[in-house]
Amino acid sequence: MNALARRLEQRLEQIRAADLYRVRRIIDGAHGVQIRVDGRSCINFCSNDYLGLAADPRVAAAARRALDASGTGSGAAALVSGYNREHCALEEALAAFLRRPRALLFSSGWAANLGVLRALLGKNDMLIADELNHASLIDGGRLSGATYVRVAHANGAAYAAALARTAGRSDTDLVLVATDGVFSMDGDLAPLPELVRLCAAHDAVLMVDDAHGLGVLGAGGRGIAEHWSALCGETLVPQIQVATLGKALGCGGAFVAGDEALIEYLIQRARSWVFSTAPPPALAAAARAALAIVASDEGAHRRARLLANVERFRTGCRQCGIAMTDSATPIQPLILGSETATLALSRRLFEAGFWVAAIRPPTVPPGTSRLRITLSAAHTEAQIDRLVEVLAQGIEARAA
Ligand SMILES: *Cc1c(COP(=O)(O)O)cnc(C)c1O
């Protein structure tokens, strides 16, 4: 056996022995609440398609029209010859929607976070980041070479302390605070008002990755900044906003929104953007159609449905004595701790016709394995009630 084969066999065995082995399940047909998984029809409670747009016929029709007009491939990176009018139109629509001067389309949220952090930060700079940030913010921070300061989760005092220690630095050195808006595995929110205030006081840059807030939070679906702005009665604007188009918008790709100089600089220097083929024009067309729905009365109606579904799920769990966190977003984790217990409950749910994936390390910290239940505007009350019932039975069976 050669060195690589030995290493892989040993590591895969370790992963298996720890109940951390992961496999993919095959979906047939469209993504949605009703989904066909490994040949079996079930109800999906582990999707980020919060508004039910991933298989919306109007979004698909927009993609189809663009496919007819522009074909499949963009043909090159945007700076070479890959920048289609569809990309430009989407960027303008996103910037207008978020009321920021500019937006820049990336092929994924992962690429956006890596590109921004690597482009903006260097070894004399400092990144202050929540310990539960998405892996792409962590890797981007590491790649940048900046001093990396991890702070306790969503803890304003920890940010204040870290920022206080930056006093007296050279005014050419940058301090950047980076956080998820909605934390992807916990569903709780970054303390945005406090972060905006602290960053202003310490001349630090605030970067918010609102992958799970865009389309979901705020009366207009503009995400975490709109949500907090309404609560505190002033307009909060993170200097750098990142969000993905693959979650509530039901498409794929991501973007960075900010001021003119930020976007122009990223166009010059964000390596994951410069050296990467532009997304298919049809994807941009689809995302623009999804954005139009998100911004419309229908979008507001879907958000209201989504919130009502979240509330129904939480009330049901409370009545059945299921221990929940205080997340008020569509991400509702049921933290079990052990990998084995999480897998067992996930399997039991699948037997009962519900798909809720088991989330285990390294996606979450050791000892916090969980079912990450996500609600959609497209779930019916009956589906939610039945899920709660099966969950309660599963938890009871475990305790017995
Ligand atoms: C999903 C996610 C990403 C990655 O986005 P992709 O477009 O899937 O690569 C980045 N940040 C957060 C917080 C996410 O949840």
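What you see is a predicted model; the values in this text were computed from it and never measured. (Residues numbered from 1 in each chain as written. Predicted model: local features only at pLDDT ≥ 70, side-chain atom pairs only at ≥ 80, totals over all residues. Heavy atoms only, no water.)

What to know about the environment of Ala60
Turning to its location among the elements, Ala60 is positioned in helix H2 (residues 57-70). For Ala60, a relative accessible area of 32% gives the class partly exposed. In sequence terms Ala60 and Leu195 are 135 residues apart; their C-alpha atoms lie 38 Å from each other. (Helix = DSSP H or I, 4+ residues; strand = E, 2+ residues; numbered from the N terminus. Buried < 20%, exposed > 50% of the residue type's maximum accessible area, 1.4 Å probe, protein only.)

What to know about the pairing of strand S3 (residues 40-44)
As paired elements, strand S2 (residues 34-37) and S3 share four bridges and run antiparallel to each other. The residue bridging Ile35 from the neighbouring strand is Cys42, located in S3. Taken together, S2 and the strand that follows it, S3, pair antiparallel across an intervening segment of two residues, in which Asp38 is found at a positive phi of about 45 degrees. Both S3 and strand S12 (residues 354-355) contribute to a ladder of two bridges, which runs parallel. In the strand pairing of S12, Asn44 is matched with Trp355. (Pairing = 2+ DSSP bridges.)

Considering the UniProt feature "modified residue: N6-(pyridoxal phosphate)lysine" (unreviewed entry) in the protein
Mapped onto the present numbering, the UniProt feature "modified residue: N6-(pyridoxal phosphate)lysine" (unreviewed entry) falls on Lys247. Mapped onto the elements, Lys247 comes out in the loop between strand S9 (240-244) and strand S10 (254-258). We classify Lys247 as buried; its relative accessible area is 16%. (UniProt positions renumbered as here; feature names shortened; annotations may be inferred.)

Regarding the site of the ligand
Around the ligand sit 13 residues in total, of which Gly109, Trp110, Asp209, His212 and Lys247 are the nearest. The separation between an oxygen atom of the ligand and a polar main-chain atom of Gly109 is 2.7 Å. The side chain of Lys247 places a nitrogen or oxygen atom 2.7 Å from an oxygen atom of the ligand. Contact with the protein chains hides 81% of the accessible area of the ligand, taken as 380 Å² for the molecule alone. (Near = heavy atom within 4 Å. Polar contact = N/O pair within 3.5 Å; in protein donor to acceptor, adjacent residues only side chain to side chain. Areas by Shrake-Rupley, 256 points an atom, 1.4 Å probe, with all protein chains shown as cover.)

Quick look at the nonpolar core
What tends to happen in soluble globular proteins is that the nonpolar side chains get buried as a cluster. Ranked by internal contacts, the top residues of the largest apolar core, which has 78 residues, are Ile373 and Leu391. Take this core: its biggest share by element is nine residues, from helix H12 (residues 281-295). Per-domain counts for this core show at least three residues from each of domain 1 (25-50 + 298-399) and domain 2 (57-294). Beyond its immediate sequence surroundings of up to four residues, Leu391 is in contact with Phe313, Ile322, Leu334, Leu345, Leu349, Leu371 and Ile373. (Core = buried A, V, L, I, M, F, W, Y, C linked by side-chain atoms within 4.5 Å. Domains from an automatic or database assignment. Contact = heavy atoms within 4.5 Å.)

Quick word on helix H14 (residues 339-351)
Between its terminal C-alpha atoms H14 stretches 18 Å, which fits the 18 Å expected from 13 residues at 1.5 Å a residue. All buried positions along H14 are accounted for by Glu339, Ala341, Thr342, Leu343, Leu345, Ser346, Leu349 and Phe350. For H14, the N-terminal cap is Ser338; the gap from its side-chain oxygen to the backbone nitrogen of Thr340 is 3.3 Å. Phi turns positive, to about 95 degrees, at Gly353, one or two residues after H14. (Expected span 1.5 Å × (residues − 1).)

Regarding the sheet that holds strand S5 (residues 126-130)
Within the open sheet, the seven strands sit side by side as S4-S10-S9-S8-S7-S5-S6. Their pairing is mixed. Because the sheet does not close on itself, it has two edges, and the strands there are strand S4 (102-106) and strand S6 (147-151). In this sheet, neighbouring strand axes are inclined to one another by 20 degrees on average, regardless of whether the strands run parallel or antiparallel. Relative to S10, S9 runs antiparallel, the two being bridged by four bridges. Note on S10: the bridge partner recorded for Val242 is Val256. Contacts from helix H4 (residues 85-98) reach S4, S9 and S10 within the one sheet, and its direction differs from that of S4 by about 130 degrees. Contacts from helix H5 (residues 109-120) reach S4, S5, strand S7 (175-180), strand S8 (205-209), S9 and S10, with the element oriented near 160 degrees to S9. (Axes fitted to C-alpha atoms, helices over the stretch in contact; angles between N-to-C directions.)

A closer look at the side chain of Thr179
Following the sequence through the fold, Thr179 ends up in strand S7. Of the residues examined, Thr179 reaches a relative accessible area of 0% and is grouped as buried. Setting aside residues up to four positions removed in sequence, Thr179 forms contacts with Asp130, Asn133, Leu137, Tyr159, Ala190, Leu195, Met207, Val208 and Asp209.

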